[in-house]
Every structure is written in structure tokens, then in C-alpha cells.
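# Descriptive analysis of the structure
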Amino acid sequence: MNPQAKLIFALSLTLGTTLTTSSNHWIMAWTGLEINTLAILPLISKSHHPRAIEAATKYFLVQAAASTLVLFSSMTNAWHTGQWDITQLSHPTSCLILTVALAMKLGLVPFHFWFPEVLQGSSLIVGLLLSTLMKFPPITLLYLTSPSLKPSVLMTMAILSTALGGWMGLNQTQTRKILAFSSISHLGWMAIIIAYSPKLALLNFYLYTLMTAAVFLSLNSIKALKLSTLMTTWTKAPSLNAILLLTLLSLAGLPPLTGFLPKWLIIQELTKQEVALAATIIALLSLLGLFFYLRLAYCATITLPPHTTNHMKQWYNNKPTNTMVAVLTTMSLMLLPISPIILAVL
């Protein structure tokens, strides 16, 4: 793909995201979502591999259906209340349709089936965009409409997402699919808290984006698409692999790393709101996710491949680590001590 085309798609993604996040009118928000969908499709299918074409087709169909539901929800609300303002969503049917539409956009259970398949058919960099940037506009719409949405529906979807994200990630051998199920599990944490404390859900999303970007870029640096390849990369970039271990543990939410902060605050807030049972269930379900992060970390740093490996030998290279990876991994590991400052900003 030539640089001019890449620039146009990057600008379109920026425009679509900005349009949705800054708009008050449903039609403008819908337009931003459509621009985003159309801009990412060529990036998914650029390799012309059948799996990439399949991924782009699946992504288009799901996102088109979800966008239609967003439009239908806003039109139903406007029909009954005369309001096109995003924050004035008050009709119960519209709220339910919008919850379904945004769950499809984000990949929340039970509308999650497309996400692992699409991520598996994309490159790591496009997978990073799909897991982070493309989820920002729907999360913003969820944030703006959160007072109108039913907490019970969101809580059910959240617990199912955390359970299925953890459960289905256990058996995977492809790093992109593992990160897809990790994303579904993290979205469960955001969905459960957004009705009670929307700012906390956004903080969780920002920190999740930070840690996921660090993991995706690290895996892209060492070109690891499968666990078996990950086992042979220790000799290629030992320091990066060691830091990847810690970033994965941060993504799992272990103290004293950055990933512990949102989980700790969410459990605290849920307990204050007297839904301690939900907090207990989601905390126990996050142990499933911890297992597959530990499995990834184990493959990356603790195992040495047998000499009869079928993979091409990865020779040690002296290329310096990307500055972006260094900054993101440092932030993924070290933000917990400054949590009072983060909370003061919120």
C-alpha cells in the first residue's frame, strides 16, 4: 500500500473518531462511526490473503448492522421525544437497542463472535487499531448515554464477557486470538462500572489501551504470531522479552503494576454501590485471564525451544528497541504509585 493511501486512511480514522467523540447530534455520531468503518476496511484487507478478505467482510457486515441499529435507536427516540441530542436518550426501547448496537460495535458477549476472527485475519498493527482506536467512539457513546442505560443488562453482559473472554482464551495458540479474548474480558470490566462511575470506565479504557499497545508493539517487534514462535524469540531480543513478561502481568492486573489500578478502583466502587456479589464474581473470573497471560509470559521468557524445532532460527539482532515500545512499557509498569494524581485529575 502506497504512503498516500495510508495517509488518507489514517486521516479518515482520525476524522471519524473526532467526529463521533465531539458530536452532540446522533446523525453526526453515526457519520463518524461510518467513516471509521470504511477507513479501516482497506487496512484489514491490504494483504489480499483469503483470511484477510474474510476478516474485512465479517467486520463490514457486523459494523454495518451495528450502525443501522444506532440509527434506528436514535430515530425511535426522536420519534417519541423529539430529541436528537445524544445525552437526551430516554425512551426504554431506544436504550435497549442502543445497548445491543454498542455491544456489537465493541464485541461484548453475546455479540463477540466476530472479534477474534477479524483480529486473526489482520496484521498486528491493524489488530492494535481494532483493539484500541476503533473501540474509542463506541465507548464515548456508552459514556454519554450511561445514565439512560439499564445497569442490570450491562452487568449481565459484563460478567458474561469476563467469563467467556477468560474461558475461550485458555485454549488458544495464536497471540492475536489471545489478545482478542483479553480485549473482550477487559471490556467486561468497563461495561460493569459505566452505569455507576463513567469516568472510571474511561480511565480503565485509557490504561487498557496503554498496556495493549505495549503488548502489540512488542509482539510486532519480535514478529511473534504464535506461541511456538514466541518460544524461540528469547535469543533475538532478551530485554524486550523480559519487559513483555511484566507488561503481560500488568495486563492481568497484578500489583504493583499499572493494570492493578483500574481493577482495584472498580471493585472498590462496586462495593460502595452495594453490588459486592458482582464485584466478587468478576474478580474471580479475572483469574481465568491471569492464566493465559501467565502462559504467554511463560512461553516468552521461561521456556527454551528444543533443538529439533521446525521454526527458522531467530538470530540475535542488535537493533535498538522502538522508542514508542519503551515509553508504553514503562507507563504500563509504573503508573500505580502516582494513582492519587490520576484520581485527582478525574
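The rules behind these values
Residues numbered from 1 in each chain as written. Predicted model: local features only at pLDDT ≥ 70, side-chain atom pairs only at ≥ 80, totals over all residues. Heavy atoms only, no water. Domains from an automatic or database assignment. Contact = heavy atoms within 4.5 Å. Buried area = accessible area lost by both parts, 1.4 Å probe. Salt bridge = Lys/Arg side-chain N within 4 Å of Asp/Glu carboxyl O. Polar contact = N/O pair within 3.5 Å; in protein donor to acceptor, adjacent residues only side chain to side chain. Axes fitted to C-alpha atoms, helices over the stretch in contact; angles between N-to-C directions. Helix = DSSP H or I, 4+ residues; strand = E, 2+ residues; numbered from the N terminus. Parallel < 35°, antiparallel > 145°, perpendicular 65-115°, else oblique. Left-handed = near helix turned anticlockwise from the far one by under 90°. Buried < 20%, exposed > 50% of the residue type's maximum accessible area, 1.4 Å probe, protein only. UniProt positions renumbered as here; feature names shortened; annotations may be inferred. Nonpolar A, V, L, I, M, F, W, Y, C, P; charged D, E, K, R; others polar.

## Topic: the domain arrangement of the protein chain
- Here the protein chain is described as being made up of domain 1 (1-123) and domain 2 (150-345).
- Once you take the C-alpha centre of each, domain 1 and domain 2 turn out to be 24 Å apart.
- Opposite the 16 residues of domain 1 that make contact, domain 2 presents 19 residues.
- Taken together, the two surfaces of domain 1 and domain 2 that pack against each other cover about 1,500 Å², and 75% of this comes from carbon and sulfur.
- Of all residues in domain 1, Leu108, Val109 and Gln120 bury the most surface against domain 2, accounting for 39% of the area lost on that side.
- Run the count over domain 1 and domain 2 and you get one salt bridge.
- The closest approach of N and O atoms between Lys177 and Glu117, which form a salt bridge, is 3.4 Å.
- Taken together, the links from domain 1 to domain 2 amount to five residue pairs in polar contact (both at pLDDT 80 or more).

## A word on the packing of helix H2 (residues 26-44) against helix H6 (residues 124-131)
- The N-to-C vectors of H2 and H6 enclose an angle of 155°; their axes lie 10 Å apart at closest approach. As judged from the angle between their axes, H2 and H6 are roughly antiparallel. Where H2 crosses over H6, the handedness of that crossing is left-handed. Contacts from Ile40, Leu43 and Ile44 in H2 reach Val126, Leu129 and Leu130 in H6.

## Some points on the pattern of salt bridges
- Using the criterion set out here, one finds three salt bridges in the structure.
- The partner of Glu54 in a salt bridge is Lys58, with the nearest N and O atoms 2.8 Å apart. Taken as a pair, Glu54 and Lys58 lie in helix H3 (residues 50-81) at a separation of four residues, close to a single helical turn.
- The class of Glu54 is partly exposed, set by a relative accessible area of 40%.

## What about the UniProt feature "transmembrane region" (unreviewed entry) in the protein chain?
- What UniProt calls "transmembrane region" (unreviewed entry) maps, in this numbering, to residues 96-115, 124-146, 152-171, 178-197, 203-222, 243-265, 277-304 and 325-345.
- For residues 152-171, the end-to-end C-alpha separation is 30 Å, with 90% helix and 0% strand making up the annotated structure.
- In residues 325-345, the share of helix is 81% and the share of strand is 0%. The end C-alpha atoms are 25 Å apart.

## Let's talk about the environment of Glu274
- Tracing the sequence through the fold places Glu274 in the loop between helix H13 (260-272) and helix H14 (276-301).
- Looking at Glu274, the relative accessible area reads 73%, which means it is exposed.
- Here the alpha-carbon distance between Glu274 and Asn77, two residues 197 residues apart in the chain, equals 31 Å.

## What about the packing of helix H8 (residues 151-169) against H14?
- Running from N to C, H8 and H14 cross one another at 25°; their axes reach a closest spacing of 8 Å. In this view, H8 runs roughly parallel relative to H14, as classed from their interaxial angle. Read as a crossing pair, H8 and H14 show a hand that is left-handed. On H14, the residues touching Met155, Ile159, Thr162, Ala163, Gly165, Gly166, Trp167 and Gly169 of H8 are Ala278, Ile281, Ile282, Leu285, Ser286, Leu288, Gly289, Phe292 and Arg295.
- In terms of residue class, the contact of H8 with H14 is built from 10 nonpolar, six polar and one charged.

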